[in-house]
Amino acid sequence: MVTRWDESRVLALAPDASASAAGQGLARVDASWEGTGASTTGVGVTGGTGGVLWGRCAGSGSSAYRVAVDLTGPASRCTCPSRKFPCKHALGLLLRWSRGSVPEAAEVPDDVAGWVASRQARAAASPSAGAPAARVPADPEAAAGRAARREQRVATGLDELERWLHDQLRTGLAAARADGPAESARVAARLVDAQASGAAALVRDLPWGAGDDRWPDRVLAGMARLALLVTAWRTVAGGVAAGRVAAEVVRSRVGWSTSTGDVLATPGIPDRWLVAWQVDEADGRLLTRRAHVHGTTTGHDLYVLAWGVGGQPPDTGLLPGQVLDADLHVHPGRPLRAVVGERRGASTENDGDRARGVTVARATATLAAALARDPWVRAVPVVLSGVRPARGPAGWTAVDADGAGLPLLGADAPLGWLAASGGHPSTVAGELSPAGLRLRAVLDTEQVRP
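Trainee: It is not clear to me how the sheet that holds strand E2 (residues 52-57) should be interpreted in this structure. Could you clarify?
Mentor: Hydrogen bonds between backbone atoms are what pair the strands of a sheet, whose relative direction is either parallel or antiparallel. One open sheet accounts for 4 strands, arranged E1-E2-E3-E4; its pairing is antiparallel. This sheet does not close on itself; its edge strands, each paired only once, are strand E1 (33-39) and strand E4 (75-78). Put simply, the sheet's adjacent strands are angled 10 degrees from each other on average, direction ignored. Sheet topology places E2 next to strand E3 (residues 65-70); 6 bridges connect them, and they run antiparallel. Looking at E3, one finds that Arg-56 is bridged to Arg-66.

Trainee: Would you mind showing me how to read the side chain of Ser-421 here?
Mentor: Tracing the sequence through the fold places Ser-421 in helix H13 (residues 415-421). Taking the relative accessible area as the measure of exposure, Ser-421 reaches 12% and is therefore buried. At a separation of 3.2 Å, a polar atom in the side chain of Ser-421 contacts the main-chain amide nitrogen of Gly-423. Each residue touching Ser-421, except ones within four places of it in the same chain, is listed here: Pro-389 and Ser-426.

Trainee: Just checking my understanding: could you explain the packing of aromatic side chains for this structure?
Mentor: Aromatic ring pairs are defined here through the distance separating the ring centres and the angle between the ring planes. Counting across every chain of the model gives 3 aromatic pairs. Note on Trp-233 and Trp-256: the rings are 5.3 Å apart at their centroids and 20 degrees apart in plane angle, and the pair reads as stacked. With Trp-233 in helix H9 (residues 215-237) and Trp-256 in the loop between helix H10 (247-254) and helix H11 (260-264), this residue pair connects regions lying 23 residues apart in the sequence. Taken as a pair, Trp-233 and Trp-256 share a single burial class, namely buried.

Trainee: Could you clarify how one ought to interpret a nonpolar patch on the surface in this entry?
Mentor: A grouping of Leu-286, Trp-307 and Val-309 is seen on the molecular surface, where their side chains present a nonpolar patch of about 270 Å² in accessible area. Within the fold, Leu-286 resides in strand E6 (residues 286-295). Judged by its relative accessible area of 31%, Leu-286 is partly exposed.

Trainee: Is there a simple way to think about the nonpolar core in this case?
Mentor: Generally speaking, soluble globular proteins have nonpolar side chains that are buried together. Residues Leu-158, Leu-161, Leu-191, Trp-208, Val-250 and Val-254 are the most contacted members of the largest nonpolar core, which totals 31 residues. Mapped by element, the contributors of at least two residues to this core are helix H5 (140-171), helix H6 (173-176), helix H7 (180-193), helix H8 (197-204), H9 and H10. Among residues more than four places away in sequence, those in contact with Leu-161 are Val-187, Leu-191, Val-203, Leu-226 and Val-230. The next biggest cluster of nonpolar side chains, apart from the first, holds 29 residues, and it includes Val-279, Ala-370, Val-380 and Leu-384.

Trainee: Help me understand the state of the cysteines, please; the structure alone is not making it clear to me.
Mentor: Two cysteines form a disulfide when their sulfur atoms are joined by a covalent bond. One pass over the full model with this rule turns up 0 disulfides. Cys-78 supplies the cysteine sulfur nearest to Cys-57, a cysteine that is in no disulfide, at a spacing of 7.7 Å. The structure places no disulfide on Cys-87, whose sulfur is separated from the nearest cysteine sulfur, that of Cys-78, by 3.8 Å.

Procedures and definitions
- Counting restarts for each chain: residues are numbered from 1 in the order of the written sequence.
- At least 70 in pLDDT is required for a residue's local features to be given in this predicted model, at least 80 for side-chain atom pairs to be given and counted, and no such filter applies to totals for whole chains, interfaces and linings, which use all residues.
- Where side-chain values are given, they derive from all heavy atoms of the structure, hydrogens and water being excluded.
- At least two bridges found by DSSP between two strands are what make those strands a pair.
- Under the scheme used here, helices are H or I runs from DSSP no shorter than 4 residues and strands are E runs no shorter than 2 residues, and both carry numbers assigned from the N terminus.
- With axes taken as lines fitted to C-alpha atoms, and helix axes fitted only over the stretch in contact, angles between N-to-C directions fall between 0 and 180 degrees.
- Accessible area is worked out with a 1.4 Å probe on protein chains only. A residue is then buried under 20% of its type maximum, exposed over 50%, and partly exposed in between.
- Throughout this description, a polar contact denotes any pair of N or O atoms lying within 3.5 Å of each other; where both atoms belong to protein, one of them has to be capable of donating a hydrogen while the other can accept it, and for residues adjacent in sequence the pair is counted only when both atoms sit in side chains.
- The contact definition used throughout considers only heavy atoms, calling two residues in contact when any of these lie within 4.5 Å.
- Any two rings among Phe, Tyr and Trp, with Trp reduced to its six-membered ring, count as a pair given centres within 6.5 Å; such a pair is stacked if its planes are under 30 degrees apart, edge-to-face if over 60, and tilted if neither.
- A patch consists of residues whose relative accessible area exceeds 30% and which take part in no salt bridge; residues with like charges are grouped when within 9 Å of each other, and nonpolar side chains (Val, Leu, Ile, Met, Phe, Trp, Tyr) when within 5 Å.
- For the area figures, the Shrake-Rupley method with a 1.4 Å probe applies, and any residue is considered shielded solely by the protein chains shown.
- Between Lys or Arg on one side and Asp or Glu on the other, a salt bridge is scored when a side-chain nitrogen of the former is within 4 Å of a carboxyl oxygen of the latter.
- Each nonpolar core is a collection of buried residues, namely Ala, Val, Leu, Ile, Met, Phe, Trp, Tyr and Cys, held together in the definition by side-chain atoms within 4.5 Å.
- Note on disulfides: each one is a pair of cysteine sulfur atoms within 2.5 Å.

Here it is in C-alpha cells:
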C-alpha cells in the first residue's frame, strides 16, 4: 500500500509557480473531474508496486483530458497540449488523491495499465537494469579510423574558432556586438559540422545581448573559456597531460559523449541519496531535467540529468524529498554528473536522513575545486547548514554562523526561505557559481520545500 503523499510533496513536482497555482485550482473543482481512480496496492498493474492514478478532467475542448500518473517515477501522461511536465491536470489529480478525493479501484483501465507496463519494460531494458560493461567496437580498426577522422575535423573546427576569437578582439567588442549573435550562430553551426558540439554550445552562450554595462566583461570571460578549451584540446590531442584538468573533461567539453553503459562501468558510490530539488530547462525543442542528489553519509552533491525531445517529458525517476539507497556512478568527463546504478529497494520518504550541509567557506572551496577540475563548469550543487537570510546594502545574502555570506541570485527577496525558516538558521540547497548562490530548496528533518 502506497502512503498517501502530502500536498508539499505534490507541489514540489510543479515545473513552475503558474502550473502549481493552476493545479491547485483544478483540484478544488469537483465538477471538473470524472472517472477518477487509484490503484495503490500493486493490484491490477503487472509488477506494479508504486501505484497509479487516473481520471478525466474537463478542459477547453469538447472532450475531457485523460490523465494518468505513475507514482513509481513519478511520471505522468495527459492528452492536453501543455508542454509542461507534469501538467496542471496531473498536479490536480495528485492533489485530489493526497486529499482523499480519488477512490481506490480494483481494476486499472486497459490504456493506463498498458502505459505503466511500457514504462516498466523500458526501465528493465535500460543499461542500469543489469551489470554494465564498457562497449567494445565490433571492428576496432574501423573504429580507430573513424576516431582519427573525427579528431581531424574537430581540430579544423577549433582552428577556425580561434581565428574568429582573434578577429573579435582585433576589431573590438563594441564593433562586434551588432553582428555578435548572428556570427555566434554561424560559428556554432560550423563547430557542429566539425563534430565539436560542446564548443558550439559555449559559443551560443556568449551573452552579446546582456542589457547592463558589464556585458563586455561577460562576453570576454566567455571568449576566454573558449580560448582555454582550444588550448586544452591541443594539449590533450598531442598526448600531453592537461595539468589538473583531466583529458576526459576536455574531450567532453569539446563534444565527445560517453554512453550510459560506459559510465555505469565505473566504480559506484554507495549512499542514501536525498533528492534535494530538480528543475526543468528548455533549449529549443530539448527539455532538460536536472536533479540535485545529496549523499547523507558521504556528503557528496551530484546532478542526475534526463532529457526530453519533441514534447516528450524527461524522467529522472527521482522526486524531491525522496531518499534513494543506491550506487551513483560519476561521469568521467563531467565530475558533477552521475548516473543511478544499482538500487537497494524502492525510493522511500525521508526517514530521518539528514543532509550534511557545509559552511560558506567550505562551499566556496568546493566551487574552487570544481573549477580546477572543470574550468567550464557554470555552478556546483551545494547544501549549506546553519545559514540565514540577511539583507544588506548590496541585497540579500545567505549568512552562516561565522558571519561569511553569499549573495543570493534571482528574486529580490527570498520569500519562500523567510516563510519556511522565520529568518532563523536553517539548511538550504542550491547552486553556487562565482556570481553567488541560486537558492533551490529549504531542507528540514521532515520535508523539502522548493
